Amino acid sequence: DELARQGAIVARVLSGENVLARSRVIAVDGSTHWIHLHGRLFRNAEGHPDGLTVAFRVIDDEVRITEEAEEARRLQADSDARYRRLMDNSAVGMCLVTPEGRYEAVNRALCDFFGYDAETLTTKTWQELTTGDTLERDLRNVEDVLAGRIDRFRVTNQYIHADGHLTWGDLSASCLRDARGQVEYFVSQVVDITAEVESRRQIAQRDQQNRALAQRLQAQTDRLRSELKVAGAYVNSLLPGDLDGPVQVSHRYLPSRELGGDCFDYRWIDDDHLLIYLIDVSGHGIAPALESISVHNLLRSGSLTTSTLLEPAEVLAELNSKFPMDQHGGNYFTMWYGIYEASTRTLHYASAGHPPALLFAGSHAEPVRLAGEGVPVGMFAETEFSCETFAVPEGAEILLYSDGAFEFPLPDGAAWSLDDFVALSDAMSASGDWTVDDLARKLQARTVAGLFSDDCSLLRLRFS
């Protein structure tokens, strides 16, 4: 089943591309193995293509560890989902209930509804607290769920309060099933409707309470959005301003709908060396943003010596050892890191799974893709990174970007691609009169409603 993919890899190599890929092979004893391979075109003494060379190493253990990590993250996500479904709306009574009927976990509102503290309530079953007529109907509903005939039900129930008086609740119950389809937990919500049942005159009051609840929820949503906006502004405040001099640098940061993990920097380490890097942490939300800030602060803090900062491959190796994905919520990050030596006009750079930087050296020349061979930082503990060197011509420009610049859907349903982005950038560079803001506007005009699916970072370097 890998034959067609292997053929595609060979075709790519024979076309002149250096290929890093993961694949499977079969050994003489019939066992299959995962491998990480590096293939490139072989040229003879006259420089003509003469086949290809492929080097690989067996990564069965790494694949197994990755699969185990993914399973652990799935289990954690299931646990988090149960927690969120239980606690998202603290004004409504919510609980997890075992198939036998015991309250596994309860929130404050449910305790208030029944009149018990949480410790006492979790020693009871819903059968104990439900009165006769509604109890028989609930037992039938639960039996239907356990048998797989239904997945949820909603009823009005009469319950017994801790002090003995009867209350009415609007019960909504659904279930969580395991891989075999067996019920693990019931997820229940109980809304106190005693006043509605006892007196139709109080319906208006109940509606007012619901509106107040909706307003509180909206206020919580607005507060969360405000906090995310503040967090985004903080990330933006860490980004450098435009740079002038022998290397002119400008940038544009276009955040997505959610807080993301893009971060970048450029600064002169000394009179002869300019540091440039761009980080893109996987995922969205607070955690990726915090990780990108941590990497950014580490590189600015002086924790790494100047001699280390001048060696791109060493910097990536240091970060790979300090930010393993299994210790950072499963997040890894891509990174392009370069050091420009002004006295020799030489660019030393290394890439950890990041899209290639684009170098424009003339109005008619094809853009040069400055790509490295490393995998993203944090994926594998023993990753080795390599440094590439490039002589920068006078008047050249380099464009760095995150994958948000080319991974987004178009309004017609098609997908914008890396080749599309390179073609657009090449056309703008050929015009000779463009800015990073011009490029950002053209990209934004191609998105749906002017919104990016991921953070989009653009850095333009102009060399005198």
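What counts and how
- Numbering of residues begins from 1 in every chain and follows the order in which that chain's sequence is written.
- The model is predicted, so local features are restricted to residues of pLDDT at least 70 and side-chain atom pairs to those at 80 or more, both for listing and for counting; the totals for chains, interfaces and linings are taken over all residues.
- As a convention, hydrogens and water are excluded, and side-chain values are obtained from all of the structure's heavy atoms.
- Secondary structure follows DSSP: runs of H or I at least 4 residues long count as helices, runs of E at least 2 residues long count as strands, and numbering of each begins at the N terminus.
- Between the two quantities, the radius of gyration covers C-alpha atoms and the globule rule is 2.2 Å times the number of residues to the power 0.38.
- Think of it in three bands: residues with accessible area under 20% of the maximum for their type are buried, residues over 50% are exposed, and the middle band is partly exposed, with areas taken using a 1.4 Å probe on protein chains only.
- Here, two residues are considered to be in contact whenever any of their heavy atoms come within 4.5 Å of each other.
- The charged-residue count follows a simple rule in which Lys and Arg add positive charge and Asp and Glu add negative charge, with His and chain termini not counted at all.
- Taken as the charge location is NZ of Lys, CZ of Arg, CG of Asp or CD of Glu.
- When DSSP locates at least two bridges between a pair of strands, those strands are taken to pair.
- Think of each axis as a best-fit line through the C-alpha atoms, taken over the contacting stretch in the case of a helix, with angles from 0 to 180 degrees between the N-to-C directions.
- Pairing of aromatic side chains requires ring centres within 6.5 Å, counting the rings of Phe and Tyr and the six-membered ring of Trp. Pairs whose planes differ by under 30 degrees are stacked, by over 60 edge-to-face, and all others tilted.
- In protein, a polar contact requires one atom able to donate a hydrogen and another able to accept it; more generally it is a pair of N or O atoms within 3.5 Å, and residues adjacent in sequence count only if both atoms are side-chain atoms.
- Side-chain atoms within 4.5 Å are what join buried Ala, Val, Leu, Ile, Met, Phe, Trp, Tyr and Cys residues into a set we call a nonpolar core.
- Less than a right angle of anticlockwise turn of the near helix away from the far helix marks a crossing as left-handed, whereas a clockwise turn marks it as right-handed.
- Lys, Arg, Asp and Glu make up the charged group, whereas Ala, Val, Leu, Ile, Met, Phe, Trp, Tyr, Cys and Pro make up the nonpolar group; the residues left over, Gly among them, are polar.
- What the arc covers is the set of directions going from the helix axis to the C-beta atoms.
- A carboxyl oxygen of Asp or Glu within 4 Å of a side-chain nitrogen of Lys or Arg is what we treat as a salt bridge.

Next up on the list: the overall build of the chain. Check the secondary structure of the chain and you find 13 helices and 20 strands. Here the chain has a C-alpha radius of gyration of 30 Å; the compact-globule value for 464 residues is 23 Å, and the former is much larger. Judged by the C-alpha coordinates and their principal axes, the chain covers about 95 × 60 × 45 Å. Burial analysis of the chain (464 residues in total) assigns 41% to the buried set. Of the contacts made within the chain by residues no fewer than 6 positions apart, 55% connect residues no fewer than 24 positions apart. Averaging the locations of the 43 positively and 71 negatively charged side chains of the chain gives two centres separated by 7 Å.

Sheet analysis places strand β1 (residues 19–26) next to strand β2 (residues 32–43), joined by 8 bridges and oriented antiparallel. Within β2, the residue paired with Ile26 across the bridge is Thr32. Count of turn residues in the β1/β2 antiparallel hairpin: 5 residues, of which Gly30 carries a positive phi of about 90°. In the sheet, β2 pairs with strand β3 (residues 49–58) via 8 bridges, with the strands oriented antiparallel. Looking across to β3, one finds that Leu41 is bridged to Leu52. Hairpin geometry of β2 and β3 is characterised by an intervening segment of 5 residues between the two adjacent antiparallel strands and by a positive phi of about 85° at Gly47.

The next subject is the sheet that holds strand β5 (residues 103–106). Read from one edge to the other, the open sheet built from 5 strands follows the order β5-β4-β8-β7-β6, with strand pairing classed as antiparallel. Sheet topology places β5 and β6 (152–160) at the edges, where each strand pairs with a single neighbour. Geometrically, the sheet is characterised by an average inter-axis angle of 30° between neighbouring strands, direction not taken into account. The pairing of strand β7 (residues 166–177) with strand β8 (residues 183–192) spans 9 bridges and is classified as antiparallel. Note that in β8 the partner of Cys175 across the bridge is Phe186.

What follows deals with the packing of aromatic side chains. Considering all chains together, one arrives at 12 aromatic pairs under this definition. With 5.6 Å between their ring centres and 85° between their planes, Phe113 and Tyr159 make a pair best called edge-to-face. In this pair, Phe113 sits in helix α3 (residues 108–114) while Tyr159 sits in strand β6, placing the two residues 46 residues apart along the sequence. Between the aromatic rings of Tyr401 and Phe406, the centroid separation amounts to 6.2 Å while the plane-to-plane angle is 80°, which identifies the pairing as edge-to-face.

Attention shifts here to the side chain of Ser457. With respect to the helices and strands, Ser457 occurs in strand β20 (residues 456–463). Here Asp262 takes part through its side chain, which lies 2.9 Å from a polar atom of the side chain of Ser457. Contacts of Ser457, omitting those with residues within four sequence positions, involve Arg252, Tyr253, Asp262, Phe264, Leu278, Leu400, Tyr401 and Ser402.

Moving on, we come to the sheet that holds strand β13 (residues 346–352). Either a parallel or an antiparallel arrangement is found when strands of a sheet pair, and the pairing is made through backbone hydrogen bonds. With antiparallel pairing, the 5 strands of this open sheet are ordered in space as β10-β11-β12-β13-β16. Edge positions in the sheet fall to β10 (262–268) and β16 (388–391), since each has one partner strand and no second. Here the strands of the sheet are splayed against their neighbours by 15° on average, with no regard to which way each runs. Sheet topology note: the strand β12 (residues 333–341)/β13 ladder contains 7 bridges and is antiparallel. Within the sheet, the bridge partner assigned to Trp336 lies in β13 and is Ser351.

Core analysis: the biggest nonpolar cluster contains 28 residues, and Ile276, Tyr340, Leu347, Leu370 and Ile398 have the highest contact counts within it. Ignoring sequence-local partners within four residues, the contact set of Ile276 consists of Asp265, Tyr266, Trp336, Tyr337, Gly338, Tyr340, Leu400, Leu459 and Leu461. Formed by 24 residues, the second largest nonpolar core is a distinct cluster that contains Tyr116, Leu121, Phe153 and Leu171.

In this section: the packing of helix α12 (residues 418–431) against helix α13 (residues 436–446). Closest axis-to-axis distance for the α12/α13 pair is 11 Å, and the angle between their directions is 140°. Viewed along their axes, α12 and α13 form a crossing whose handedness is right-handed. When α12 is examined against α13, the residues Phe421, Leu424, Ser425 and Met428 are found in contact with a partner set consisting of Asp438, Leu439, Lys442, Leu443 and Arg446. When grouped by side-chain class, the residues that make up the contact of α12 with α13 number 5 nonpolar, 1 polar and 3 charged.

Turning to helix α11 (residues 312–322), a few remarks are in order. Taken together, the buried positions of α11 are Pro312, Ala313, Val315, Leu316, Leu319 and Asn320. For α11, the arc enclosing every buried residue in end-on projection is 160°, short of the 170-degree limit, so these residues lie on one face. Summarising the contacts, the buried residues of α11 are in contact with α9 (286–301), α10 (306–309), β12 and β13.

One non-glycine residue, Arg345, lies in the positive phi region at around 55°. Summarising the element assignment, Arg345 is placed in the loop between β12 and β13. Positive phi, normally seen in glycine, also occurs at Ala449, with a value near 60°. Tracing the backbone through its elements, the reader meets Ala449 in the loop between α13 and β20.

What follows is about the pattern of salt bridges. Counted according to the given criterion, the structure contains 21 salt bridges. In this structure, Glu68 engages Arg64 in a salt bridge whose closest nitrogen and oxygen atoms are separated by 3.2 Å. Taken together, the residues Glu68 and Arg64, both in helix α2 (residues 60–87) and 4 residues apart, mark about one turn of the helix. On the basis of relative accessibility, which here comes to 39%, the residue Arg64 falls in the partly exposed class. When the shortest N-O distance is used, the salt bridge between Asp144 and Arg149 registers 2.8 Å. The exposure class assigned to Asp144 is partly exposed, which follows from its relative accessible area of 24%. By relative accessible area, which is 53% here, Arg149 ends up exposed. Through salt bridges with shared partners, one network takes in Glu2, Arg5 and Arg24.

Honestly, that's just the spatial picture; any functional story needs more than this.
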